[in-house]
Every structure is written in structure tokens, then in C-alpha cells.
Amino acid sequence: MKINVKRYLDDGDTTMGLMFINGKYVCETLEDEHRNVKVRGETRIPEGTYKLGFRETLSGMTEKYRAKYDFFKWHLHVKDVPGFKYVYIHTGSTDDHTDGCLLIGGEKNMKAKSIYESRNKYRELYPIISMAIEQGEPVTITYENIEG
């Protein structure tokens, strides 16, 4: 499975993008902004292609997601990002919710720099992505900056 995130806007605080799975558009994305020097929890990951797998470690966030979503097992973890740890695909609406991770949503509000319907989109996409991982299919995520 090939996941692509095409970042089309970085206003210095929030990065907005589009997610595609195997070439098909699936949702809106939101991340923190680009920074030349990383600030923990306030910087998007660099452009590139990374392996996506599970972070099979029990944490408070894992327990929270298991209580909220009956299908949830482990976090979708963007692995081996230089200088970053525990980068996930998860729910949220604004850059305050990202902590350096990738948020997914069904709708966007460009004026507010936010996304909506995040939980519904997560319910839709998590089972598809996790099934590919569980079946041993190579799953990658590529981040590409296309903003002007």
C-alpha cells in the first residue's frame, strides 16, 4: 500500500494537505508547520518516504483510543523519521492537536486552518491501513510539499 500526503499550504503555523491511498484521494490532512530547526511537538516531519507500521507499546494514548474505537489495536506509526519519535496518524482538528503527527479529516475549513469529521475518517481508514499492515503488505507513506 502506498500512502501519499501532498502538502499544499503552510501558513507558518499549520500545514494542510491531501491524502491518497494507491493514487486515490481519501481525505484532508493537517500537520504542524515546517521549521528549519525542530521544535518538539511543533514541527512537521520532513519530506520523504517512510515505512508505516504499528507502535505495539501500551501507553495512555493507546488506552484512550482503545476505549474510544472498538476496532483500534495499535497506533499507525510513521517509522524511522530522523530526529522524530512516535509519529502517528490520528484524529484532531487543529495544529494544537498534532504534536508533530498527521491528522486526518473529511472536511476542511481554510479560513480557520482546521479539519472536521476526523473521527469518522479515522473509523473509515484505520481498518483499511491496519489490515494491510497485519497481512504483511509493505505500507509506505510519502510526504510531498507542493505548496507554492
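In this text, all values refer to a predicted model and were calculated from it rather than measured experimentally. (Residues numbered from 1 in each chain as written. Predicted model: local features only at pLDDT ≥ 70, side-chain atom pairs only at ≥ 80, totals over all residues. Heavy atoms only, no water.)

Draft legend 1. Structural context of the pattern of salt bridges. Here the structure, examined in full by the defined rule, presents seven salt bridges. Two residues, R7 and E31, come together in a salt bridge whose shortest N-O distance is 2.8 Å. Pair noted here: R7 is in strand β1 (residues 2-10) and E31 is in strand β3 (residues 24-32), with a separation of 24 residues, a long-range link. The shortest N-O distance in the salt bridge between K121 and E124 comes to 3.1 Å. Of this pair, K121 and E124 both sit in helix α2 (residues 118-134), three residues apart, which is roughly one turn of the helix. (Salt bridge = Lys/Arg side-chain N within 4 Å of Asp/Glu carboxyl O. Helix = DSSP H or I, 4+ residues; strand = E, 2+ residues; numbered from the N terminus.)

Draft legend 2. Examining the sheet that holds β1 more closely. Strand order in the closed barrel made by the eight strands is β1-β2-β3-β7-β6-β5-β4-β10, with mixed pairing throughout. Across the sheet, the mean angle from the axis of one strand to that of its neighbour is 30°, orientation sign disregarded. One ladder, built from three bridges, connects strand β5 (residues 75-78) with strand β6 (residues 87-90); its direction is antiparallel. Across the sheet, residue V78 finds its bridge partner in β6, namely V87. Lying on the sheet, α2 is in contact with β1, β2 (14-21), β3, β4 (48-55), β5, β6 and β7 (102-105); it crosses β4 at an angle near 90°. (Pairing = 2+ DSSP bridges. Axes fitted to C-alpha atoms, helices over the stretch in contact; angles between N-to-C directions. Contact = heavy atoms within 4.5 Å.)

Draft legend 3. Here's a closer look at α2. Its 17 residues give α2 an end-to-end C-alpha distance of 23 Å, which sits within 8% of 24 Å, the value for a rise of 1.5 Å per residue. Maximum bend of α2: about 30°, positioned at L125, with proline P127 one to four residues after it. What α2 keeps buried is the set S118, K121, Y122, L125, Y126, I129, S130, A132 and I133. Two residues or fewer after α2 comes G136, characterised by a positive phi angle close to 80°. (Expected span 1.5 Å × (residues − 1). Bend = angle between axes of the 7 residues up to and from the residue. Buried < 20%, exposed > 50% of the residue type's maximum accessible area, 1.4 Å probe, protein only.)

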